[in-house]
Amino acid sequence: MFVRVQKTCLPNHSRTLHLRELPVYDFDMSLSLLIKIGGSLRGASELLDEIAAYPGRLVLVHGGGPNIGEWLNRMGFETHFYKGLRVTPPEQMEVVEMVLTTLGKGLAHSLTQRGRPAVALTGRDANLLQANLLEPALGRVGEVSQVNTQVLEQLLNLGLTPLIAPIGLDSQGPLNINADTAAGAVAGAMGLPAVFLTDVVGVLRDPKDPSSRFAELSKGEVHTLIGQGVISGGMIPKVEAALGALDKGAPWAAIARGARGVLEAVLSGETGTRVA
Ligand SMILES: Nc1ncnc2c1ncn2[C@@H]1O[C@H](COP(=O)(O)OP(=O)(O)OP(=O)(O)O)[C@@H](O)[C@H]1O
Ligand SMILES: [Mg+2]
């Protein structure tokens, strides 16, 4: 399906860095996409319906921040973040991996039940995500060094949807990778457009005001907004992952709220923030 949307309207807020026309994109609902499912969405059923019904091929990466936080808390561990990244002492890594693996299996089952057979993997399966330790001070936190794209292609060719939990592997064992960072690396390696679905409609000038969404941001604007503290917390690794995906070969990247109709709306430019 190939659809052209005609639309010329101005953003309904006046605090964008540069006031400009809302972007309008030609879009194709059979386009292959990388979708990152934010842990903040907790597998909302409308979102799973939306993903299951998408006509094109999908590679999925999921997060699990809130669930990991809950389990660490239940087990008496303290949680610390540094620039949006979860500090992961080695003794917490096992909990992180258990929570992400269980979440992935549940999501894959929910998609399969909706008619989209999905296989939950972590980066440890078939060396899917090889990784490097990021900074020793962060504990077992890594960044992707290599993606085994072949195994993903093979699963896609079998009609299966790969769903990846962001655990990487170095010579010492598993590493916790921010899900956005992992998603950006996979999108870059596969050359797929990356859609980061989260609990906000896009990058906002005022995080409390959904009407202050930036429709498009350049690399320079992203860095300015981080410097100004407008982009903070979990949005930092997300925009950096979007830029990283572009650098490595993704044609475009967008951040949007995971809700009904979101994929069509992101493809047409009606919602979300495109980073280009
Ligand atoms: N300028 C901004 N615009 C929008 N959201 C922002 C901004 N700055 C910070 N944020 C925060 O970023 C959050 C999204 O990142 P977060 O890491 O919490 O979710 P997620 O990535 O979807 O979940 P997970 O990390 O579990 O996969 C928003 O809920 C918001 O609080
Ligand atoms: Mg996050």
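Cut-offs applied
Residues numbered from 1 in each chain as written. Chains lettered and ligands numbered in written order. Predicted model: local features only at pLDDT ≥ 70, side-chain atom pairs only at ≥ 80, totals over all residues. UniProt positions renumbered as here; feature names shortened; annotations may be inferred. Helix = DSSP H or I, 4+ residues; strand = E, 2+ residues; numbered from the N terminus. Buried ≥ 20, exposed ≤ 12 C-beta atoms within 10 Å, placed from the backbone. Near = placed C-beta within 6 Å. Nonpolar A, V, L, I, M, F, W, Y, C, P; charged D, E, K, R; others polar. Core = buried A, V, L, I, M, F, W, Y, C linked by C-beta atoms within 7 Å. Contact = placed C-beta atoms within 7 Å.

Looking at the UniProt feature "binding site: substrate" (unreviewed entry) in the protein chain
Next up, step 1: UniProt's entry tags Gly64, Gly65, Arg86 and Asn176 with the feature "binding site: substrate" (unreviewed entry), counted in the numbering of this structure. In terms of the greatest pairwise C-alpha distance, the residues named above, spread along 113 residues, form a tight cluster of at most 11.3 Å across.
Next up, step 2: Examined against the element boundaries, Gly65 turns out to sit in helix H2 (residues 65-74).
Next up, step 3: Accessibility expressed as a C-beta count within 10 Å gives 18 for Gly65, which makes it partly exposed.

With respect to the site of ligand 1
Next up, step 1: Around ligand 1, a shell composed of 21 residues is seen, among which Gly38, Gly39, Gly63, Gly65 and Gly234 lie nearest.
Next up, step 2: Sorting the residues of the shell around ligand 1 by element identifies helix H5 (179-190) and helix H7 (235-248) as the ones contributing at least two each.
Next up, step 3: Per-class residue counts for the shell around ligand 1 are eight nonpolar, ten polar and three charged.

What about the nonpolar core?
Next up, step 1: In this structure, Leu34, Ala182, Ala183, Val186, Ala187, Ala194 and Ala242 are the most contacted members of the largest nonpolar core, which totals 77 residues.
Next up, step 2: Here this core gets eight residues from one element, more than from any other, and that element is H5.
Next up, step 3: In this structure, Ala187 is in contact with Leu34, Leu192, Ala194, Ala245, Ala250 and Ala253, ignoring residues within four places of it in sequence.

A few points about unusual backbone geometry
Backbone geometry follows two general trends: most residues other than glycine have a negative phi, and most peptide bonds adopt the trans configuration.
Next up, step 1: Although it is not a glycine, Ala126 adopts a positive phi angle of roughly 50°.
Next up, step 2: Locating Ala126 in the fold gives a position in the loop between strand S7 (118-122) and strand S8 (129-133).
Next up, step 3: Judged by the 13 C-beta atoms lying within 10 Å of it, Ala126 is partly exposed.
Next up, step 4: The phi angle at Asn127 is positive, at roughly 55°, despite the residue not being glycine.
Next up, step 5: Following the sequence through the fold, Asn127 ends up in the loop between S7 and S8.

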